[in-house]
Amino acid sequence: MAKRIAVLIRDRKHEALRMSVGLTLADDEVNVFIMDEKLDTDEATALNLETLLELGCRIFSNNPENKYEQMTAEEIARILPGYDVVIPY
């Protein structure tokens, strides 16, 4: 049975995105939440983001400077209990 996994990214953004791509290998539902800061993208980060999107992962952010689906911190907090696993980075 597939699990629903939320990855909350605050620190070590590059590592968190790389790990998120790895989580997709088990065919689990992986959603990424980029919290608070604007995400600066280098080549490796851009590749991980592109890969996540191609694999059907949803990427959310509470910062309007990020171009991903927008949710407030309160909205994110409300949906997290619906996940089987929440990984804070």
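Heads up: these notes are all about the structure in this document. What you see is a predicted model; the values in this text were computed from it and never measured. (Residues numbered from 1 in each chain as written. Predicted model: local features only at pLDDT ≥ 70, side-chain atom pairs only at ≥ 80, totals over all residues. Heavy atoms only, no water.)

1. Digging into the overall build of the chain
Filter applied, for reference: In this text, helices come from DSSP runs of H or I with a minimum length of four residues, and strands from runs of E with a minimum of two, each type numbered from the N-terminal end. Atoms counted for the radius of gyration: C-alpha only. Globule rule: 2.2 Å times the number of residues to the power 0.38. Think of it in three bands: with a 1.4 Å probe and only protein chains considered, a residue is buried below 20% of the maximum accessible area for its type, exposed above 50%, and partly exposed in between. Contacts are residue-level and defined by heavy atoms, with any inter-residue pair within 4.5 Å sufficient. In these tables, accessible area is a Shrake-Rupley quantity obtained with a 1.4 Å probe, and a residue counts as shielded only by the protein chains included in the view. The sign given to each residue is positive for Lys and Arg and negative for Asp and Glu; His and the chain ends receive no count. To locate a charge, take NZ of a lysine, CZ of an arginine, CG of an aspartate or CD of a glutamate.
A tally of regular secondary structure across the chain gives three helices and five strands. Secondary structure of the chain in N-to-C order comes out as β-α-β-α-β-β-α-β. For 89 residues, the compact-globule estimate of 2.2 N^0.38 gives 12 Å, and the chain sits close to it at 12 Å. Overall, the C-alpha framework of the chain stretches about 35 × 30 × 20 Å when taken along its three principal axes. A total of 89 residues make up the chain; the buried ones form 42% of that total. Of the contacts made within the chain by residues no fewer than 6 positions apart, 70% connect residues no fewer than 24 positions apart. Per element, the accessible surface of the chain, about 5,400 Å² overall, is 51% carbon and sulfur. On the chain, the mean spot of the 10 positive side-chain charges and the mean spot of the 17 negative ones are 4 Å from each other.

2. Topic: the packing of helix H1 (residues 13–23) against helix H2 (residues 43–54)
Quick note on the threshold: Only the contacting stretch of a helix is used when fitting its axis, a line to C-alpha atoms as for every element, and angles between N-to-C directions run 0 to 180 degrees. Note on convention: the crossing is left-handed when the near helix lies turned anticlockwise from the far helix by less than a right angle, right-handed when the turn is clockwise. Each residue gets one label: Ala, Val, Leu, Ile, Met, Phe, Trp, Tyr, Cys and Pro are nonpolar, Asp, Glu, Lys and Arg are charged, and the others, such as Gly, are polar.
Contact geometry for H1 and H2: axes closest at 9 Å, N-to-C directions at 35°. Handedness of the H1/H2 crossing: left-handed. Packed against H1, whose contacting residues are His14, Leu17, Arg18, Ser20 and Val21, the element H2 presents Ala44, Thr45, Asn48, Leu49, Thr51 and Leu52 at the interface. When the residues that make up the contact of H1 with H2 are grouped by side-chain class, the tally is five nonpolar, five polar and one charged.

3. Section: the packing of aromatic side chains
Under the convention used in this document: Stacked, edge-to-face and tilted are the three classes for Phe, Tyr and Trp ring pairs, Trp counted by its six-membered ring, which pair at centre distances within 6.5 Å; planes under 30 degrees apart are stacked, over 60 edge-to-face, the rest tilted.
Within this structure, the stated rule accounts for two aromatic pairs. Each ring, one from Phe33 and one from Phe60, has its centre 5.0 Å from the other, and the planes form 15°; the classification is stacked. Pair noted here: Phe33 is in strand S2 (residues 29–34) and Phe60 is in strand S3 (residues 58–61), with a separation of 27 residues, a long-range link. Phe60 shares its class with Phe33; the two are buried. Of the aromatic side chains, those joined through ring pairs into one cluster are Phe33, Phe60 and Tyr83.

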